[in-house]
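# Secondary and tertiary structure notes
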Amino acid sequence: MSLLGILENGLFAVGQVLRFPVMVALWLCVIAVAYHVGLAGADVVRRMAAARSFDVKRWVNSGAVLGADAERLSALPAPLRRFVDGVQAQGRAGSLLHGGLENVLAEHEEAARHALDVPRALVKVAPSLGLLGTLIPMGASLAAMSGGDLNAMAAHMVVAFTTTIIGIAVGTVAYVVVSIRQAGLNVAVRQMRYLAEVIAAEMESR
């Protein structure tokens, strides 16, 4: 066998070895997107409830943000409550001045955005895995066809087309999830920035 033939057969073997991890990765993508669909649904329900019962400006007008007690804080949505808790903790430590407030705000904005890292990755990774899951069985299918084994060829083709469908479907659903949760994230970030401005005004008036 020539060197070229050895290299080609070696690459074919490597491609077939990759078949198992690609299938496992696709299954993990399916599980991950199902989990994030649930999170997106819960996020929509929470936002609808908050829109009916919570107004950040009315909450601010009811008292100082830095001096808010546990009862007032309980009326805040979870992201805002965590932010105010963080600000109050920094205030008790005496580190709000000299950029401390801006740092707390940046940390909570970053944490909120990191919640979308997985679905954002699925938008790109899942279709790529679907393509890999298509091309790998196609090689085996062509090999089976050259050997006259039509049943094996058909089985490999079914796997190839199925992985394509799954990859594209997961990527599409993940994109919808990102769009839904991004809307909630934008609202939370906007409200956190508003609270940060109110807190800064309270600090200047002291």
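Residues numbered from 1 in each chain as written. Predicted model: local features only at pLDDT ≥ 70, side-chain atom pairs only at ≥ 80, totals over all residues. Heavy atoms only, no water.

### Considerations on the nonpolar core
If you look at the biggest cluster of nonpolar residues, it comprises 25 residues, and the most contacted ones within it are W59, V65, F83, V87 and L195. Of all elements in the fold, only α3 (56–61), α5 (78–92), α6 (100–114) and α8 (150–205) reach the threshold of two or more residues within this core. The element contributing the most residues to this core is α8, with seven residues. Contacts of V65, omitting those with residues within four sequence positions, involve W59, V60, R72, V84, Q88, L195, V198, I199 and E202. If you look at the next biggest cluster of nonpolar residues, it comprises nine residues, including L26, A32, L122 and A126. (Core = buried A, V, L, I, M, F, W, Y, C linked by side-chain atoms within 4.5 Å. Buried < 20%, exposed > 50% of the residue type's maximum accessible area, 1.4 Å probe, protein only. Helix = DSSP H or I, 4+ residues; strand = E, 2+ residues; numbered from the N terminus. Contact = heavy atoms within 4.5 Å.)

### Here we look at the pattern of salt bridges
Counted according to the given criterion, the structure contains five salt bridges. Taking the shortest distance from any N to any O, the salt bridge between D43 and R46 comes out at 4.0 Å. One end of the pair, D43, and the other, R46, are both in helix α2 (residues 19–53), three residues apart, so they sit about a helical turn from each other. Judged by its relative accessible area of 53%, R46 falls in the exposed class. Given a relative accessible area of 13%, D43 falls into the buried group. The structure contains a network of salt bridges with shared partners spanning D43, R46 and R47. (Salt bridge = Lys/Arg side-chain N within 4 Å of Asp/Glu carboxyl O.)

### Details of α2
In this model, α2 (35 residues) spans 51 Å end to end at C-alpha, consistent with the 51 Å of a helix rising 1.5 Å per residue. All of the buried residues in α2 are V22, L26, C29, A32, V33, H36, A40 and D43. (Expected span 1.5 Å × (residues − 1).)

### Observations regarding the packing of aromatic side chains
Taken as a whole and assessed by the stated rule, the structure comprises zero aromatic pairs. For R72, the ring lying beneath its charged end belongs to W59, and the centroid distance is 4.2 Å. (Phe/Tyr/Trp six-rings, centres within 6.5 Å; stacked < 30°, edge-to-face > 60°. Lys NZ or Arg CZ within 6 Å of the ring centre and 35° of its normal.)

### Points about the confidence of the model for the chain
The predicted model of the chain averages 84 in pLDDT, with 97% of residues at 70 or higher. Here helix α1 (residues 3–17) is the element of the chain with the lowest mean pLDDT, 71, and α2 is the one with the highest, 89. (pLDDT = per-residue confidence, 0-100.)

### Focus: a nonpolar patch on the surface
A cluster of nonpolar residues, F20, V24, W27, L28 and I31, forms a patch on the protein surface that exposes about 590 Å² of accessible area. Along the polypeptide, I31 turns up in helix α2. (Patch = residues over 30% accessible without salt bridge, like charges linked within 9 Å, V, L, I, M, F, W, Y side chains within 5 Å. Areas by Shrake-Rupley, 256 points an atom, 1.4 Å probe, with all protein chains shown as cover.)

### With respect to the side chain of T163
Topologically, T163 is positioned in helix α8. For T163, the side chain forms a polar contact with the main-chain oxygen of G133, separated by 2.9 Å. Filtering out sequence-adjacent residues up to four positions away, T163 remains in contact with M23, L26, G130, G133 and T134. (Polar contact = N/O pair within 3.5 Å; in protein donor to acceptor, adjacent residues only side chain to side chain.)

### What about the packing of α5 against α6?
Contact geometry for α5 and α6: axes closest at 10 Å, N-to-C directions at 150 degrees. Classed by the angle they form, the pair α5 and α6 counts as roughly antiparallel. As α5 runs across α6, the sense of the crossing is right-handed. Note on element contacts: α6 touches α5 through L101, V104, L105 and H108, opposite R82, F83, G86, V87 and Q90. The residue makeup of the contact of α5 with α6, split by class, is five nonpolar, three polar and one charged. (Axes fitted to C-alpha atoms, helices over the stretch in contact; angles between N-to-C directions. Parallel < 35°, antiparallel > 145°, perpendicular 65-115°, else oblique. Left-handed = near helix turned anticlockwise from the far one by under 90°. Nonpolar A, V, L, I, M, F, W, Y, C, P; charged D, E, K, R; others polar.)

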